[in-house]
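Residue strings, one per chain:
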Protein chains: 2
Amino acid sequence: MKLVNLRVSKYLEVLRSDAPAPGGGSVSALAGAQAMALVAMICDLTIGNAKYQASEETCKDAKTKAEALLEKFSAAFDKDTEAFYLVSNAYKMPKGTEEERAARSAAIAAGTLEATKVPFDVMEMRWEGIVLIQKIAGKTNTNAASDLGVAILNLAAGMKGAWLNVKINLPGIRDKAYAEKVLNEGQELCARCEKLAMQLFAQTEEAL
Amino acid sequence: MKLVNLRVSKYLEVLRSDAPAPGGGSVSALAGAQAMALVAMICDLTIGNAKYQASEETCKDAKTKAEALLEKFSAAFDKDTEAFYLVSNAYKMPKGTEEERAARSAAIAAGTLEATKVPFDVMEMRWEGIVLIQKIAGKTNTNAASDLGVAILNLAAGMKGAWLNVKINLPGIRDKAYAEKVLNEGQELCARCEKLAMQLFAQTEEAL
């Protein structure tokens, strides 16, 4: 059963339960999806409005990009939970014999790698998302200024949330060179996104 | 049709559409609901674990409170969109005669007041939410440390998002004394929450 097919009330119920997933990874992906849905909506509320004719092309382009990112975040919403189950199912594998222990340990390592890659891959998408918001900031319908602010907040929260989900898995990564690369790139990406998000948020709040 | 009864995919679709609502207000309420769902989950993952026996009572109490707040945020998720429709429907009222204009103007003012009150009321709930997180921080299952971080991020993003939704409506509030009170209290609440959230987040991230 895909999370995206659950009713919102049911999703909150399974999130609230002590089942190992969904957890913070899926919440962070959904924050990204909602941010991009808001961006597409804001573009729609701007396109065709005579007052914002100068922004028409920028918004048409941004709308297409936001919709593509929305699809990717929606997919990550489920992928993150699936990756988490790979890990938790691996921990349940038998560990009676030497061979069983080796198989279990390999499955845990493979699952941990996947559970790191899924949120790490969406971090790059989040950066694309914040750059997209930068392109439309100050050019869209001011009636939706608070929506733009909320999109920025959700994108930034999702970025930091994804990063926590990457970080918590890093100690279990066997390929230390990959873990090192992820740590460095992730930290840099996270800081860069936070800086731009704070700047765009201040600009949006000021215009309210 | 209540938003909470929509499938997540359908919710993202209506959020993405250029229909006047849902928008940033409902997104911010959902962020609060998810934060409280995560807190309840984290408490469940701690209660009954011998390693965290000292936290047992704190977590049981926090779980009950998180569940109550989760219900309130879920309700606000729909209430925010309903309030928005009060305003947008008021704008569609006829304005041919003097009487029609007066009725329309009164309906716009009443709707704007409601659209301000809904997010303002949940700001106080968000403060309760962050205080709740402060009570359990450092005492819960460290396997769920990233989930706790994501809960903090979503609560903080939801607070600032709700505040934007309050602020954008303030100029349309006829009762200037109420508007002034909301502006002062809201700003103070928002700053206080942000400060505590950043402190708790740093503490959580450090423990990862």
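Everything below is about the structure printed above this text.
Right, let's walk through the structure included here. This structure is a prediction, so every number in the text was calculated from the model and none was measured. (Residues numbered from 1 in each chain as written. Chains lettered and ligands numbered in written order. Predicted model: local features only at pLDDT ≥ 70, side-chain atom pairs only at ≥ 80, totals over all residues. Heavy atoms only, no water.)

1. Thoughts on the overall build of chain A
Consideration 1: What chain A contains, in helices and strands, is six helices and zero strands.
Consideration 2: Ordered by position from the N terminus, the helices and strands of chain A form the series α-α-α-α-α-α.
Consideration 3: Each principal axis of the C-alpha atoms in chain A carries an extent, and together these give about 75 × 40 × 25 Å.
Consideration 4: For chain A, the proportion of its 208 residues judged to be buried stands at 54%. (Helix = DSSP H or I, 4+ residues; strand = E, 2+ residues; numbered from the N terminus. Buried < 20%, exposed > 50% of the residue type's maximum accessible area, 1.4 Å probe, protein only.)

2. Description of the packing of helix α3 (residues 56-91) of chain B against helix α4 (residues 98-136) of chain B
All names here are of chain B.
Consideration 1: Taken N-terminus to C-terminus, the directions of α3 and α4 make an angle of 165°; their axes are 9 Å apart at the nearest point. Considering the angle they form, α3 stands roughly antiparallel to α4. The handedness of the crossing between α3 and α4 comes out as left-handed.
Consideration 2: The class makeup of the residues in the contact of α3 with α4 is 19 nonpolar, four polar and nine charged. (Axes fitted to C-alpha atoms, helices over the stretch in contact; angles between N-to-C directions. Parallel < 35°, antiparallel > 145°, perpendicular 65-115°, else oblique. Left-handed = near helix turned anticlockwise from the far one by under 90°. Nonpolar A, V, L, I, M, F, W, Y, C, P; charged D, E, K, R; others polar.)

3. Side note on the interface of chain B and chain A
It is common to give the size of an interface as the accessible area lost on bringing the parts into contact.
Consideration 1: At the interface, 53 residues of chain B touch 53 residues of chain A.
Consideration 2: Note on chain B versus chain A: buried area summed over both sides is about 4,300 Å², and carbon and sulfur give 68% of it.
Consideration 3: Among the residues of chain B in contact with chain A, V8, R16 and L164 of chain B are the three that bury the most area, contributing 17% of the side total.
Consideration 4: Linking R16 of chain B and D44 of chain A is a salt bridge whose minimum nitrogen-to-oxygen distance equals 3.2 Å.
Consideration 5: Inspection of the region where chain B meets chain A yields 16 residue pairs in polar contact (both at pLDDT 80 or more).
Consideration 6: If one sorts the elements of the side of chain B that touches chain A by residue count, helix α5 (residues 145-169) of chain B sits on top with 15 residues. (Contact = heavy atoms within 4.5 Å. Buried area = accessible area lost by both parts, 1.4 Å probe. Salt bridge = Lys/Arg side-chain N within 4 Å of Asp/Glu carboxyl O. Polar contact = N/O pair within 3.5 Å; in protein donor to acceptor, adjacent residues only side chain to side chain.)

4. Comments concerning the packing of aromatic side chains
Consideration 1: Counting across every chain of the model gives two aromatic pairs over all chains.
Consideration 2: Ring centres 5.2 Å apart and planes at 70° place the aromatic pair Y11 of chain A and F77 of chain A in the edge-to-face group. Here Y11 of chain A, found in helix α1 (residues 8-16), pairs with F77 of chain A, found in helix α3 (residues 56-91); they are 66 residues apart in sequence, far enough to count as distant.
Consideration 3: If you follow K117 of chain B out to its NZ or CZ, it ends over the ring of Y178 of chain B, 5.8 Å from the centre.
Consideration 4: In this structure, R192 of chain B is placed above the aromatic ring of W127 of chain B, and the distance from its NZ or CZ to the ring centre is 4.5 Å. (Phe/Tyr/Trp six-rings, centres within 6.5 Å; stacked < 30°, edge-to-face > 60°. Lys NZ or Arg CZ within 6 Å of the ring centre and 35° of its normal.)

5. A look at helix α2 (residues 24-44) of chain A
Consideration 1: Compared with the 30 Å implied by 1.5 Å per residue over 21 residues, the 30 Å span of α2 of chain A between its first and last C-alpha is a close match.
Consideration 2: Counting buried positions along α2 of chain A gives 21 out of 21 residues, so the element sits mostly inside the fold. (Expected span 1.5 Å × (residues − 1).)

6. A closer look at the side chain of T116 of chain A
Consideration 1: Mapped onto the fold, T116 of chain A is located in helix α4 (residues 98-136).
Consideration 2: In this structure T116 of chain A touches V166, N169, L170, I173 and V182 of chain A, once residues within four positions along its chain are discounted.

7. Looking at empty space enclosed by the protein
Consideration 1: Summed over the entire model, instances satisfying the criterion amount to two cavities of 30 Å³ or more.
Consideration 2: Around the largest cavity, the lining residues are G25, S28, A29, A76, D80, V118, P119, V122, R126 and A162 of chain A.
Consideration 3: In terms of residue class, the lining of the largest cavity is built from six nonpolar, two polar and two charged.
Consideration 4: Counted as a void, the second largest cavity has a volume near 40 Å³.
Consideration 5: Considering the residues around the second largest cavity, the lining is formed by G25, S28, A29, A76, D80, V118, P119, V122, R126, A162 and N165 of chain B.
Consideration 6: Elements supplying a minimum of two residues to the lining of the second largest cavity: α2 (24-44), α3, α4 and α5 of chain B.
Consideration 7: If you tally residues by element for the lining of the second largest cavity, the top one is α4 of chain B, at four residues.
Consideration 8: Residue composition of the lining of the second largest cavity, grouped by class: six nonpolar, three polar and two charged. (1 Å grid on protein atoms, 1.4 Å probe; cavity = no way out; pocket = protein on both sides within 12 Å on 5 of 7 lines; lining within 4 Å. Points joined across faces, edges and corners; volume = space filled by probe spheres on them.)

8. Comments concerning the nonpolar core
Consideration 1: Formed by 128 residues in total, the largest nonpolar core has its most connected members in M36 of chain A together with M36 of chain B.
Consideration 2: Dropping the residues within four chain positions of it, M36 of chain A is found in contact with A66, L69, L70, F73, G129, L132, I133 and L155 of chain A. (Core = buried A, V, L, I, M, F, W, Y, C linked by side-chain atoms within 4.5 Å.)

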